[in-house]
Amino acid sequence: MVSSVIISTAVVIVTSTMMMMLFSLAKAIPSPSSSTDEAEALRSTGWWNSTSAHCHWDGVYCNNAGRVTRIALYGSGKELGELSKFEFSSFPSLVELNLSACGLNGSIPHQIGTLTQLTVLSLHDNNLTGEIPLSLANLTQLLYLTLCSNPLHGSIPPEIGKMKNLNKLNLGYNNLTGVIPSSFDLSENQISGFIPEEIVNLKKLSHLDMSNNLISGKIPSQLGNLKEVKYFNLSHNNLSGTIPYSISSNHRWTLIDLSNNQLEGQPRAPIEAFGHNKSLCGEIKGQPRCKKRHQITLIIVVSLSTTLLLSVAILGFLFHKRRIRKNQLLETTKVKNGDLFSIWDYDGVIAYQDIIQATEDFDIKYCIGMGGYGSVYRAQLPSGKVVALKKLHGWEREDSTYLKSFENEVQMLTRIRHRNIVKLHGFCLHKRCMFLVYKYMEKGSLYCMLRDEVEAVELDWIKRVNVVKSIANALSYMHHDCDLPIIHRDISSNNILLDSKLEAFVSDFGTARLLDNDSSNRTLLVGTYGYIAPELAYTMVVTEKCDIYSFGMVALETMMGMHPGEFVTSLSSSSTRNTTLKDVLDSRLSSPKSIQVANNIALIVSLALKCLHSNPQFRPSMQEVSSKLVSTRSFPQPISAISLLQLKDEVI
């Protein structure tokens, strides 16, 4: 009897204990969040202040179920503050998180490991401190991880080796910008320790950058077994010992940089940028062997005389100039003091000297941003003229895709002369140094200006109307006034630049192409997400209608002050049937006082909606859009009474 009571009591105690454990475990495991929970989690960060649905917020992208799948605020101009304000566990469907250059500070919370569906994590160019959290090992779906240009410290966790799908890993230096605490070195992260051998598990890795750190010890020989790596950079560290044979004899890699370390010994095969090590400079300097079939460039980091630098610039210039002359005869005129007026009178000798001096050999302090490829610098020439320079990174020069974009931009901009297309002053094409020289745009991109609370107000309705007209004029010229139509293929607010007078210029012609009626015009899918014409995804055929769709997005974004998101497709739903024009216009600006300006705004929105028609055959040509924008059009109702459905169906 007593035994039965004891047993019963024990069962109750065990059962109660198990229930408590299960209850505690249930509380510890976050329950699946709803789209409403996600919206509330986004609001709690204080990073957004919009009253609209969260899937229409700047940088927030949702799936059909209204669940957040992408958060991309890179280049938004926001100062987000503490990263810990973001509730990672509330976003189980998130596949991309890009908060680079957003003024983040504090440490990276370990809760980031709950984003198990994440494929892209980009937090570079912030003020993040502390160590790299071990919980990153949970992100096994990750393809792209960049934490560079943060004052992180501590060792590189070997758990990174568990991210077996990782394609790009960047923990090094990458154009540091913004305000960094004075206690941190501006040129380096403070990651110390050794290179974990577990990185050899990243079989799919193609881009590995751990440069500009304080990593010491030897280079693990196993790294030479990474078969997919094309870019391998361990420069500017405290690495010592000899270079492993598996690395020095690896001919699969196209760019290897081990410079500025304490490495010893003679390499067994030609490898790029071994210079500035303890005993390698002299030995490599006299080593001319380069096997062409491996396409590995031998770059020797030594002190070059002024004569050699000038020779390099001249050769690069003459080589490219000779290629251009095959297509058209160009007049050359004398240039004084390195001032650049057009591509045809670019003086490779003087301009090269002036540019190197003006940027202190492209010092990071002159960097003002990143383009679709390369970094953009500001340079003031001896004449006082200010220009913008787009310079290819070392690894981009070895990538045929970036090199083709660079050459394509030169070829396209030499064909074009229009007041609303960014002016190319000159270029330098050489494997050591490649850069383009443009007219400097003081106000930066339309994208950034619309996302700055102060500058957005400076861009008033009249200026916004003129911006849209300028873009339309440029595209009309490209589509209809050139010998062969030129299709830009990447019209977005980020590729519209504004000068000091807030006049707009179309830029970035790296993916532009000529429209040839005698060819199929089939293409790869290129462009900026959110601006690409829907038919391009399944036809893979580029036409001028693709640019027209992108223009419609930019025009609408200019009037709304934010990217339209899914707003366009929702116009046919009952919830937006009574939406008026005033409801969607940028609320940071007061209503236009002039009837003419109000009519221009209504006309732009009406034309933009027509450009966004799902059937490309029903989109107007850019010539029609441009001519309509200079005509007089009156709308009888005030902005508050004009419905968007009316503008969508308006016959213009």
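Quick caveat: nothing in here was measured; it's all calculated off a predicted structure.

## Notes on the overall build of the protein chain
- Along the protein chain, the regular secondary structure elements total 17 helices and 27 strands.
- Across the 652 residues that make up the protein chain, the buried fraction comes to 52%.
- In the protein chain, the share of contacts with a sequence separation of at least 24, taken over all contacts with a separation of at least 6, comes to 60%.
- Per element, the accessible surface of the protein chain, about 30,200 Å² overall, is 54% carbon and sulfur.

## What about helix α11 (residues 461-480)?
- With 20 residues, α11 should cover 28 Å at 1.5 Å per step; its first-to-last C-alpha distance of 28 Å lies within 8% of that length.
- The buried fraction of α11 amounts to 14 of the 20 residues, a majority that puts the element mostly inside the structure.
- Sitting at the amino-terminal end of α11 is D460, which places a side-chain oxygen 3.2 Å from the backbone nitrogen of I462.

## Section: the environment of A602
- Residue placement: A602 occurs in helix α15 (residues 595-611).
- For A602, a relative accessible area of 0% gives the class buried.
- Measuring from C-alpha to C-alpha, the distance between A602 and K582 comes to 9.7 Å, with 20 residues separating the pair along the chain.
- The residues contacting A602, other than those within four sequence positions of it, are L581, F635, I642 and L647.

## Examining the packing of helix α13 (residues 544-560) against α15
- Orientation of α13 relative to α15, taken along the N-to-C sense of each, is 145°, at an axis distance of 8 Å. Note on packing geometry: the crossing formed by α13 with α15 is left-handed. Of the residues in α15, those in contact with I548, Y549, F551, G552, A555, L556 and M559 of α13 are I601, I604, V605, A608, L609 and C611.

## Comments concerning the packing of aromatic side chains
- A full pass over the atoms with the stated rule returns 8 aromatic pairs.
- Taking 4.9 Å as the distance between ring centres and 15° as the angle between the ring planes, the aromatic pair formed by F86 and F91 counts as stacked.
- F86 gets classed as buried once you look at its relative accessible area, which sits at 2%.
- Connected via pairs of aromatic rings, a cluster forms that spans W47, W48, W57, F86, F88 and F91.
- One cation-aromatic arrangement involves R378 over Y440; the distance from NZ or CZ to the ring centre is 5.3 Å.

## Considerations on α13
- Here α13 spans 25 Å end to end across 17 residues, near enough to the 24 Å set by a 1.5 Å rise per residue.
- Most of α13 sits out of view: 16 of its 17 residues are buried.
- Two residues or fewer after α13 comes G561, characterised by a positive phi angle close to 80°.

## Observations regarding the confidence of the model for the protein chain
- Averaged over the protein chain, the pLDDT score is 75; the fraction of residues at 70 or greater is 72%.
- Within the protein chain, helix α4 (residues 281-285) has the poorest average pLDDT of any element, 24, and strand β26 (residues 504-506) the best, 97.
- In this model residues 174-188 is a low-confidence stretch, pLDDT under 50, and it forms 32 contacts with partners more than four residues away in sequence or in other chains.
- Low pLDDT, under 50, characterises residues 266-308; the predicted model gives this stretch 81 contacts beyond four residues in sequence or across chains.

## Quick look at a positive patch on the surface
- Residues R417, K423, K439 and K501 make up a contiguous surface patch of positive charge.
- Tracing the sequence through the fold places K423 in the loop between α8 (400-415) and β21 (424-428).

## Overview of the sheet that holds strand β7 (residues 127-129)
- Here 3 strands make up an open sheet; going across it, the order is β3-β5-β7 and the pairing parallel. Every other strand in the sheet has two partners, leaving β3 (81-82) and β7 as the edge strands with one partner each.
- With 3 bridges connecting them, strand β5 (residues 104-107) and β7 associate as parallel partners. In the strand pairing of β7, N105 is matched with N127.

## Remarks on the pattern of salt bridges
- One pass over the structure, following the stated rule, counts 14 salt bridges.
- With a shortest N-O distance of 3.1 Å, E360 and K365 are connected by a salt bridge.
- On the accessibility criterion, K365 (56% relative accessible area) is exposed.
- With its nearest N and O atoms 3.6 Å apart, the salt bridge here joins R588 to E453. In this pair, R588 sits in the loop between α14 (581-584) and α15 while E453 sits in helix α10 (residues 453-458), placing the two residues 135 residues apart along the sequence.
- The class of R588 is partly exposed, set by a relative accessible area of 25%.
- Via salt bridges that share partners, E453, R464, D586 and R588 belong to a single interconnected network.

## Focus on the nonpolar core
- Ranked by size, the top nonpolar core spans 84 residues in total, and within it F509, F551, L556, L581 and L647 carry the most contacts.
- In terms of residues, this core owes the most to one element, α15, which gives 11 residues.
- Apart from residues lying up to four places away in sequence, L581 is in contact with I601, A602, V605, I639, I642, L644 and L647.
- Grouped together as the second largest cluster of nonpolar side chains are 59 residues, L83, L99, L128 and I243 included.

## Quick look at the sheet that holds strand β22 (residues 435-439)
- Strand order in this open sheet of 5 strands is β18-β19-β20-β22-β21, and the pairing throughout is antiparallel. Of all strands in the sheet, those with a lone pairing partner are β18 (367-370) and β21, marking the two edges. Between one strand and the next, the sheet's axes are offset by a mean angle of 25°, whatever the strand orientation.
- By the bridge criterion, 6 bridges tie strand β19 (residues 375-380) to strand β20 (residues 386-391) in an arrangement that is antiparallel.

## What to know about the environment of L166
- Along the chain, L166 falls in the loop between β9 (153-154) and β10 (168-170).
- Excluding residues that lie within four positions of it along the chain, L166 makes contacts with L142, L143, Y144, L145, L202, K204 and L205.

Each value, and the rule that gives it
Residues numbered from 1 in each chain as written. Predicted model: local features only at pLDDT ≥ 70, side-chain atom pairs only at ≥ 80, totals over all residues. Heavy atoms only, no water. Helix = DSSP H or I, 4+ residues; strand = E, 2+ residues; numbered from the N terminus. Buried < 20%, exposed > 50% of the residue type's maximum accessible area, 1.4 Å probe, protein only. Contact = heavy atoms within 4.5 Å. Areas by Shrake-Rupley, 256 points an atom, 1.4 Å probe, with all protein chains shown as cover. Expected span 1.5 Å × (residues − 1). Polar contact = N/O pair within 3.5 Å; in protein donor to acceptor, adjacent residues only side chain to side chain. Axes fitted to C-alpha atoms, helices over the stretch in contact; angles between N-to-C directions. Left-handed = near helix turned anticlockwise from the far one by under 90°. Phe/Tyr/Trp six-rings, centres within 6.5 Å; stacked < 30°, edge-to-face > 60°. Lys NZ or Arg CZ within 6 Å of the ring centre and 35° of its normal. pLDDT = per-residue confidence, 0-100. Patch = residues over 30% accessible without salt bridge, like charges linked within 9 Å, V, L, I, M, F, W, Y side chains within 5 Å. Salt bridge = Lys/Arg side-chain N within 4 Å of Asp/Glu carboxyl O. Lys, Arg positive; Asp, Glu negative; His and termini not counted. Charge placed at Lys NZ, Arg CZ, Asp CG, Glu CD. Pairing = 2+ DSSP bridges. Core = buried A, V, L, I, M, F, W, Y, C linked by side-chain atoms within 4.5 Å.

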